[in-house]
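Listed here are the chains, written in short residue letters.
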Amino acid sequence: MADAFISYSRRDGEFVHKLEDALAAAQKNVWVDWEDIARGLNWWKEIQTGIESADTTLIVVTEHWLLSEICHRELEYVRANNKRVFPVIRQQIAGDVEIRVKGTWVDQEWEQRARDNWKYLRSLNWLFFDDDAKFENAFADLLIALDSDQSHIKAHTRYQMRGLEWTQSQRNPSFLLEGDDLAYAERWLADSADKKPEPTEVHHDYIMTSRQAANSKMAREAARERLVQQSRRAAVVLGTVGTIAILAVLASIPISINAVNSNATSVAQVATATVEQGLAVMAQQTSEAREQASSTQVAVAGATLSPVPPTLTAVADAIEQAKIEQNIALDLADASLDISNGDSENALISAQGLVEDYPNQPLAWMSNALILSSAGQNEEAIASYTHVIELDPTNELAYYNRGTSYWELEERDKALADYSKAIELAPDYALIYFNRGELYAEMDRLEEAIGDLTQSIELDPDHIEAYQERGISYYQLSNFSAALADWATFEEMGGELSKDNRALRDNLLVTVTATPAS
């Protein structure tokens, strides 16, 4: 990014060279076009980029500048981007000079643009450089002006450029802000209400869309964590928790759809709504609603991709993939209703239909496996998870859920291998460490259990169940102070110790209290 973009007439080049040299000596980065090239598209694109990337625009005001169509076009673009502007008055424009300038504008195609620009420039504070003997004093004032409100100005440029890149990439979600960058941008936008230059529509759209995408991502992640935590052993154990596993998968599937459309898709809306409102929402997914959801999915994807020729194979494939995943998700939702209503037979028929209709879709096989698990058919479920892995070797949820099915069959070594592979693929997924930690504890590998549970807590300090389970492992290793500390944290966070753990804790407290100090 540049500190300043200089708009000038080439007939004033000698002064502009002097100004640029002084700015460079003051450690200011300046964008100035010294090449007398034709007014082609590439040339104008370079000028636009120079304006967009500069914090401030310096307008070297002379009669020559005012009579230049290109100079007025530059200022028009500067104003469209709400850039800070300092008029550098190299020549006083008044009296006969002003009359002559305005007379020259008459009947020009760009006359109105010139008049609007001149009115705008006259509303600003001027910096006078019309007396060479006073150049140093005037330049000192210019430096003070350039250095004023730097935090606001530089953020204005930075987010404008990133927003324009996002727009030019057809609103590709990978260009959106996240984390601390997003939080800072939102604070800047809120603080900019009464500041000049004001944020543009690009700023507002870019930052607000970044927040929507971040909220959608957090909602999906929180939903998946919240749902799977209701079962001791992760997503695939449907049994008493009904459709929880299915909904966990629903919350995770918009990944490929997001490659087409960064907005919240209908699939994500189904998952989020289910998390927040319960299984009743799924019961309301009538055939009419499903048809509308599918149509909306394709329409939104098509609208997002409208700048791209629809004949491109990649675009057509992406839209078709979105439609397929939508259909799989809705069929899975129907099967979940059958499960919750005790109709496992019909759910199993749906599960088989999914893989017959979509034999090359990992999501179809994942859905099939979940329904099989819900019916207690873990061996068949393992075969389906294995097929998911064959189609998508980097699918950590397939390893994770297959490991859980192996654990249910008491094939602990295979379960451990799958959990370890899932961690290799998703090293920041706290719940996998939690489950592997519990498996280690069950295998009496307590040090390793504590290591995994500690890692789970570091990744997700709010997962209170990890404190209770780590406390048990500490107790079994006779590290009683650590066990008491973990159980105390668990209760402070709102957890309720099991009856057995409460008895262990109470006995420890009695022992500690009765032990005399050394």
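The preceding data block contains the structure.
Just so you know, these numbers come straight off a predicted model, no measurement behind them. (Residues numbered from 1 in each chain as written. Predicted model: local features only at pLDDT ≥ 70, side-chain atom pairs only at ≥ 80, totals over all residues. Heavy atoms only, no water.)

(A) Spotlight on the overall build of the chain. What the chain contains, in helices and strands, is 26 helices and five strands. Within the span of the chain, comprising 518 residues, buried residues form 48% of the whole. (Helix = DSSP H or I, 4+ residues; strand = E, 2+ residues; numbered from the N terminus. Buried < 20%, exposed > 50% of the residue type's maximum accessible area, 1.4 Å probe, protein only.)

(B) Representation of unusual backbone geometry. In this structure, Pro-197 follows Lys-196 across a cis peptide bond, with omega equal to -5°. As for its position among the elements, Pro-197 is in the loop between helix H9 (179-191) and helix H10 (201-228). The phi dihedral of Asp-444 is positive, around 65°, even though this residue is not glycine.

(C) Representation of the sheet that holds strand S1 (residues 2-7) in the model. On the basis of which strands lie adjacent, the open sheet formed by five strands has the order S2-S1-S3-S4-S5 and parallel pairing. Bordering the open sheet on either side are strand S2 (30-31) and strand S5 (127-128), each of which pairs with just one other strand. Relative to S2, S1 runs parallel, the two sharing two bridges. When the sheet's bridge partners are listed, Phe-5 is paired in S2 with Trp-31. Helix-sheet contacts for helix H4 (residues 69-80) involve S1, strand S3 (54-61) and strand S4 (84-89), and the interaxial angle to S1 is about 145°. (Pairing = 2+ DSSP bridges. Contact = heavy atoms within 4.5 Å. Axes fitted to C-alpha atoms, helices over the stretch in contact; angles between N-to-C directions.)

(D) Summary view of the side chain of Asp-3. Tracing the backbone through its elements, the reader meets Asp-3 in strand S1. For Asp-3, a relative accessible area of 17% translates into the label buried. Discounting chain neighbours no more than four positions away, the residues touching Asp-3 are Gln-27, Lys-28, Asn-29, Asp-55, Thr-56, Leu-146 and Lys-154.

(E) Highlighting the packing of H4 against helix H6 (residues 111-122). For the pair H4 and H6, the least separation of the axes is 10 Å and the interaxial angle reads 60°. Classified by the angle their axes make, H4 and H6 are oblique. Crossing geometry of H4 relative to H6 is assigned as left-handed. Between H4 and H6, the residues in contact are Glu-69, His-72, Arg-73, Leu-75, Glu-76 and Arg-79 and Arg-113, Ala-114, Asp-116, Asn-117, Tyr-120 and Leu-121, respectively. (Parallel < 35°, antiparallel > 145°, perpendicular 65-115°, else oblique. Left-handed = near helix turned anticlockwise from the far one by under 90°.)

(F) Representation of the pattern of salt bridges in the model. This structure, assessed with the given rule, holds 23 salt bridges. A salt bridge links Asp-452 to Arg-436; the shortest N-O distance between them is 2.5 Å. One end of the pair, Asp-452, is in helix H23 (residues 446-459); the other, Arg-436, is in helix H22 (residues 430-442), and 16 residues separate them in sequence. Accessibility assignment for this pair places Asp-452 and Arg-436 in one class, buried. A single network of salt bridges, built from pairs that share partners, joins Asp-3, Asp-55 and Lys-154. (Salt bridge = Lys/Arg side-chain N within 4 Å of Asp/Glu carboxyl O.)

(G) Structural context of the packing of aromatic side chains. Within the structure shown, the criterion is met by 16 aromatic pairs. Geometrically, the ring pair formed by Phe-5 and Trp-31 is stacked, given 5.3 Å between the ring centres and 25° between the ring planes. With Phe-5 in strand S1 and Trp-31 in strand S2, the pair connects residues that are 26 residues apart, well separated along the chain. Three or more aromatic residues joined by ring pairs form one cluster here, namely Phe-15, Phe-129, Phe-135 and Phe-139. One Lys or Arg, Arg-73, reaches over the ring of Trp-44 and ends 4.0 Å from the middle of that ring. Lying across the ring of Tyr-159, Arg-158 places its NZ or CZ 4.9 Å from the centre. (Phe/Tyr/Trp six-rings, centres within 6.5 Å; stacked < 30°, edge-to-face > 60°. Lys NZ or Arg CZ within 6 Å of the ring centre and 35° of its normal.)

(H) Representation of the packing of H22 against helix H24 (residues 464-476) within the structure. Two elements in contact, H22 and H24, have axes whose closest approach is 11 Å; the angle formed by their N-to-C orientations is 20°. Classified by the angle their axes make, H22 and H24 are roughly parallel. In the crossing of H22 with H24, the sense of the turn from one axis to the other is left-handed. Residues Phe-434, Glu-438 and Ala-441 of H22 touch H24, and the partners they reach there are Glu-465, Ala-466, Glu-469 and Ser-473.

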